Protein chains: 2
Amino acid sequence: MSETTEVRAGALDVLGWTCPAPLRNQPRVVMGHGGGGAMSAELVEHLFLPAFGGPDLAGTVDAAALELGGARLAFSTDSFVVRPLFFPGGSIGDLAVNGTVNDLAMSGARPAYLSCGFILEEGVELAVVQRVAEALGAAARTAGVEVVTGDTKVVEAGHGDGIFINTSGIGLIPHGVDLRPQRVVPGDVVIVSGPVGVHGVAIMSVREGLEFGVEIESDCAPLAGLVEAMLAVTEDLHVLRDPTRGGLAAALNEIASASGTGVVVQERAVPVPAAVANACAVLGLDPMYVANEGKLVAFVPREHADAVLAAMRAHPLGREAAVIGEAVEAHPGMVVARTGLGGTRVVDMPLGEQLPRIC
Amino acid sequence: MSETTEVRAGALDVLGWTCPAPLRNQPRVVMGHGGGGAMSAELVEHLFLPAFGGPDLAGTVDAAALELGGARLAFSTDSFVVRPLFFPGGSIGDLAVNGTVNDLAMSGARPAYLSCGFILEEGVELAVVQRVAEALGAAARTAGVEVVTGDTKVVEAGHGDGIFINTSGIGLIPHGVDLRPQRVVPGDVVIVSGPVGVHGVAIMSVREGLEFGVEIESDCAPLAGLVEAMLAVTEDLHVLRDPTRGGLAAALNEIASASGTGVVVQERAVPVPAAVANACAVLGLDPMYVANEGKLVAFVPREHADAVLAAMRAHPLGREAAVIGEAVEAHPGMVVARTGLGGTRVVDMPLGEQLPRIC
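Residues numbered from 1 in each chain as written. Chains lettered and ligands numbered in written order. Predicted model: local features only at pLDDT ≥ 70, side-chain atom pairs only at ≥ 80, totals over all residues. Heavy atoms only, no water.

- Under the annotation held in an unreviewed UniProt entry, chain A carries the name Hydrogenase expression/formation protein HypE and is attributed to Streptomyces pratisoli.

1. Re the relation of the copies chain B and chain A
- Overlaying chain B on chain A yields an RMSD of 0.0 Å, the required transformation being a rotation through 180° with an accompanying axial translation of 0.0 Å. Viewed as a symmetry operation, the transformation between the two copies matches a two-fold axis. No C-alpha of chain B lies nearer the rotation axis than that of B:Gly160, which sits 2.1 Å from it.
- Both copies share a contact surface, since 100% of the interface residues of chain B are interface residues in chain A too. (Least-squares fit on C-alpha atoms with pLDDT ≥ 70 in both. Contact = heavy atoms within 4.5 Å.)

2. Overview of the domain arrangement of chain A
Residues and elements named next belong to chain A.
- Per the domain assignment, the segments of chain A are domain 1 (2-17 + 178-346) and domain 2 (59-172).
- Between domain 1 and domain 2, the residue contacts involve 27 residues of the former and 25 residues of the latter.
- Summed over both sides, the interface of domain 1 with domain 2 buries roughly 2,100 Å², with 61% coming from carbon and sulfur.
- Summed over the shared surface of domain 1 and domain 2, the result is 1 salt bridge.
- Viewed at the interface, domain 2 and domain 1 are joined by 5 residue pairs in polar contact (both at pLDDT 80 or more). (Domains from an automatic or database assignment. Buried area = accessible area lost by both parts, 1.4 Å probe. Salt bridge = Lys/Arg side-chain N within 4 Å of Asp/Glu carboxyl O. Polar contact = N/O pair within 3.5 Å; in protein donor to acceptor, adjacent residues only side chain to side chain.)

3. Description of the environment of B:Pro195
Residue and element names in this part refer to chain B.
- Secondary-structure assignment places proline 195 in the loop between strand E9 (189-192) and helix H5 (198-207).
- With 13 residues separating them along the chain, proline 195 and glutamate 208 place their C-alpha atoms 22 Å apart.
- With near-sequence residues (within four places) excluded, proline 195 lies in contact with Pro271, Pro273, Asn292, Lys295 and Glu320. (Helix = DSSP H or I, 4+ residues; strand = E, 2+ residues; numbered from the N terminus.)

4. Here's the deal with the pattern of salt bridges
- All chains considered together, the criterion is met by 30 salt bridges over all chains.
- The partner of B:Lys153 in a salt bridge is A:Asp78, with the nearest N and O atoms 3.5 Å apart. You can see B:Lys153 sitting in strand E7 (residues 146-155) and its partner A:Asp78 sitting in strand E3 (residues 71-80), one on each of two chains.
- A salt bridge links A:Lys153 to A:Asp151, with the shortest nitrogen-to-oxygen separation between them at 2.9 Å. As far as burial versus exposure is concerned, A:Lys153 and A:Asp151 are alike and both buried.
- Counted as one network, the salt bridges with shared partners bring together A:Asp78, A:Arg245, B:Asp151 and B:Lys153. (Buried < 20%, exposed > 50% of the residue type's maximum accessible area, 1.4 Å probe, protein only.)

5. Digging into unusual backbone geometry
- Here the residue pair A:Arg83 and A:Pro84 is connected by a cis peptide bond, since its omega of -10° sits within 30 degrees of zero.
- Relative to the elements of secondary structure, A:Pro84 occurs in the loop between E3 and strand E4 (86-87).
- Positive phi, normally seen in glycine, also occurs at A:His331, with a value near 30°.
- Judged by relative accessible area, A:His331 falls into the buried class, the value being 12%.
- Positive phi values are uncommon outside glycine, yet B:Arg357 reaches one of about 55°.
- Tracing the chain through its elements places B:Arg357 in the segment after strand E15 (344-346).
- Residue class for B:Arg357 comes out buried when judged on its relative accessible area of 3%.

6. With respect to the sheet that holds strand E2 (residues 64-68) of chain B
Residue and element names in this part refer to chain B.
- Reading across from one edge, E2-E3-E8-E6-E7 is the order of the 5 strands in this open sheet, with mixed pairing throughout. The open sheet is flanked by E2 and E7, the only strands paired with a single partner. On average, adjacent strands in this sheet sit at an angle of 20° to one another, irrespective of strand direction.
- One ladder, built from 9 bridges, connects strand E6 (residues 110-121) with E7; its direction is parallel. For glycine 117, the partnering residue across the bridge sits in E7 and is aspartate 151.
- Contacts from helix H3 (residues 92-105) reach strand E3 (71-80), E6 and strand E8 (163-172), with the element oriented near 145° to E3. (Pairing = 2+ DSSP bridges. Axes fitted to C-alpha atoms, helices over the stretch in contact; angles between N-to-C directions.)

Here it is as C-alpha cells:
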C-alpha cells in the first residue's frame, strides 16, 4: 500500500505525473484497477474509451451532461461491491443511492430517477436482501429520488459475493449551471464540505474488527440539497467533486489535471476528525487518500467564496465546511500541500487500491 | 427443470395462476430468482417494490417512461452475467448493449445513451476485458447509441466470475407512442418478429459442448430500427416485448396478466428453427421457454396487423415475422396454445430458471 501514500517532499520541479505502466505490461486485472486512482484512470483511458470509441471524458466528470428532447440531463452510473454489506452509519443500499445521487449532484443536477440492478449470489438469505432493499428505499426517499426501473440476476454460489448493486441515475441540470474542471482558474478558492476520511475508516474498522476508541460512522449522505444551497448563492461555481475512492487526493488531482491549473492545499486547514487521524496513524494511511461518501470539494470564484462557505455552513451537511486551499498558476496539473511545519509536499494521484471494496 | 416446462393439458378451467410459494417460505436466494419467471416476479413484487416504496410496476414494462424537463424519456437497466463470455453469434458485450437497447425500444423509445458499469474479477486477463469492451463498443455503434458514462469495480479472485456488466439506457419516446400491456384488447393480433429459442440454445450448445448438427448462432441484435419501421406504419401498436429470459411463454404471460385479456397461440405458427427444435428435444426443453435476444412480440390492433407484418418482413430483422395468435376475451390473464393435433394446453408462466445465466 505504500505507493499510494508515499510522500515526495520537495519534488516541485517534477511537474508532470507519469503513467506508471502502460496497460500492455499488466496482463491481468488487479485490485488497483478498481481503486479510483491512476490505474483506474489508465484502464478507462487506454482500454475502455478506445474500445467504446467515444469522446475522451476520462477523469473529467462523474456524470455525463446530455441534451435529450430539449432537456439538459445528467446521467451517471456506479456499481457497489462494498464489504461488509452493513457497516457503522450505513449499508450497501445507502451507498447505492447516495453514490449515484452525489455523482449527479456534482454536475449541478437535481437527481430525479434511479435504476437499480442487483446481482445476487445463490444462497444469500432473502432477509438480508430485504434489509438491503429497505435501506436503499429509505435512502432514496431521503434523497428525494424515485427508483423507477430495476433488474435482478442470480449467479451460482461461489461466483459472486452476496450482493452487488448497480444504480444509474438521471437528473435535470438547471439552465445556467455549468460545472466542469475546465472552468477552474487560478485564484479559485477550494472548499471542502466537512471532515474527510470518515467513510473509509468506518469500513476498515468493522472489516478488520479494529477499535479506535470511539465507533466511527460512515458519512454516507446525499449531497444534492447542499449543492442546491450553494447554487442558490451563485450559479457560477466552477467545479464540484465528491471525493470517494482515492479520497481528497484523487479528486484534487483529477481537477488539477483536467483544468491545467495547480492546486495548493493548506494541510492544517483540512478537517480530519481525531478518530480518523488516530486510525490512519495505526493503519499507515493518509486521510487525504481515504474515501468519503458524504463530502464534496468545490472550486469557487474568489469573489463568491465567503458567501458560498456561509451557505454551506448553514446546511446540515456542510456545518464544518472549510476553505482548504486555492487554484494557482504555478505547477499546472499538480497538487501540493503546505505542511504544518512550513514545508511543501506533492500530493500524488494514488496509484491503485488503498482500501479495497469500500464502495 | 421440469416445473418450468410442464404442460397442463385441458386445464382451461384453472383461470388463475397461483404464486408457488410466498417469499417467507424460501429463506435464501436460489437461481430461479434470476430466471425471469414467476420467482423473479415474486421477488420484485413481494420484496423489492415494497422496500423501494414505489409504484407497482412488476412485470408490466421493460423500461420506465418518465417526464423530465419536458422530454418523454424511457429509462432501463440490465445486468449481464452470461457464461461463457463469448458464444456463437455474440458476447457479453453485445448482450449488454442490445439487451438495454431492446428494453428501451419495447417502450417505443429511440435509444440514445448508455451507461456501462463493469464488475471485474481480479486476475481476469486484460486482453479479455478489451475484447469484451470492443464488442460492446461495436454493438453500440451498430445500435446507434453512445456510451457516455461508466464505472469499474474490481472484486477479489473467487468473489466474482470474470466480467459482469450493467448497462442502463435512456431514450426518447416520440409523442403519440404509448406501448403498455394495459392497452391490449381482445382481437389484437400477436406477431413474433422471427424464429424463437435461438439465443438460449446457442449458449447451451457452447456451454455444454453439445453438437446439434449445425452451429446455432445467437440472434442477439438491436431492435430499435425494426420498432421504428413498425411505428412508421401506425403509432397505434398496443404493446411490444422482447422475449428474453423465460422466452415467449414468459413474455406472453406477463402481457396476459397485466392486460387482463387471454392469449391464444397457434402452436404450429410459432417459427422454431429445426436445429432449435432438435436441441430442445435432446435437452428436454420447450422452445416457447427458451430465451431470445433479437426478437420481439407485438400486440397489434387487427386493422393494422397486415401492414405492420409487411413492414416487419421488409426489415432485415423481421424477415421471418409471423402471426402466431391473438388476444381473446376468454380465460383472462391466461395463455393457451392450440396444438397441432387440435388440442389445447395452458402455457404457464415459467417458475424459475430453465437455463441459468444466459444473459
